[in-house]
Amino acid sequence: MALPKAEVPNIKAKYVLDKKELDAPIAAHQRVGEIQLLDGNKVVAQWPLVTLESVGKGGMFSRLSDYLHHKA
């Protein structure tokens, strides 16, 4: 994508998840949302947001820690 140099400060990237929260396990290369490129409030490009690696479900202590941090 080619843009005039003066427009570059107006360009922002944002990600939008398909769900509010991601729950493990998640497979590698799974779509979890999209990345949007915005010029002001106008979406000028978008791409799928996919996982690079698989993420397994955490153990009991990991899940307890996540639960406590999420509730705090």
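Since we're looking at a predicted model, the values are computed, not measured.

**Looking at the UniProt feature "domain: Peptidase S11 D-Ala-D-Ala carboxypeptidase A C-terminal" (unreviewed entry) in the protein**
Piece 1. Sequence positions flagged by UniProt for "domain: Peptidase S11 D-Ala-D-Ala carboxypeptidase A C-terminal" (unreviewed entry) are, in local numbering, residues 2-56.
Piece 2. The span residues 2-56 is 0% helical and 45% strand by assignment, and the distance between its end C-alpha atoms comes to 39 Å.

**Some words on the sheet that holds strand E1 (residues 11-17)**
Piece 1. Judged by pairing direction, the sheet is antiparallel, and its 3 strands sit side by side in the order E1-E2-E3 without closing on themselves. Looking along the sheet, the strands with just one partner apiece sit at the ends: E1 and strand E3 (42-50). Across the sheet, the mean angle from the axis of one strand to that of its neighbour is 25 degrees, orientation sign disregarded.
Piece 2. Strand direction decides the pairing type here: E1 and strand E2 (residues 31-39), joined by 7 bridges, are antiparallel. By the bridge assignment for E2, alanine 13 is matched with leucine 37.

**Considering the pairing of E2**
Piece 1. For E2 and E3, the ladder comprises 8 bridges, and the chain directions are antiparallel. Bridge assignment links glycine 33 to a residue of E3, and that residue is leucine 49.
Piece 2. Hairpin connection of E2 to E3: 2 residues between the antiparallel strands, including glycine 40 at a positive phi of 70 degrees.

**A word on the environment of valine 44**
Piece 1. If you trace the backbone, valine 44 turns up in strand E3.
Piece 2. When its relative accessible area of 33% is taken as the criterion, valine 44 is described as partly exposed.
Piece 3. The spatial distance from the C-alpha of valine 44 to the C-alpha of proline 4 is 14 Å, given a sequence separation of 40 residues.

What counts and how
Residues numbered from 1 in each chain as written. Predicted model: local features only at pLDDT ≥ 70, side-chain atom pairs only at ≥ 80, totals over all residues. Heavy atoms only, no water. UniProt positions renumbered as here; feature names shortened; annotations may be inferred. Helix = DSSP H or I, 4+ residues; strand = E, 2+ residues; numbered from the N terminus. Pairing = 2+ DSSP bridges. Axes fitted to C-alpha atoms, helices over the stretch in contact; angles between N-to-C directions. Buried < 20%, exposed > 50% of the residue type's maximum accessible area, 1.4 Å probe, protein only.

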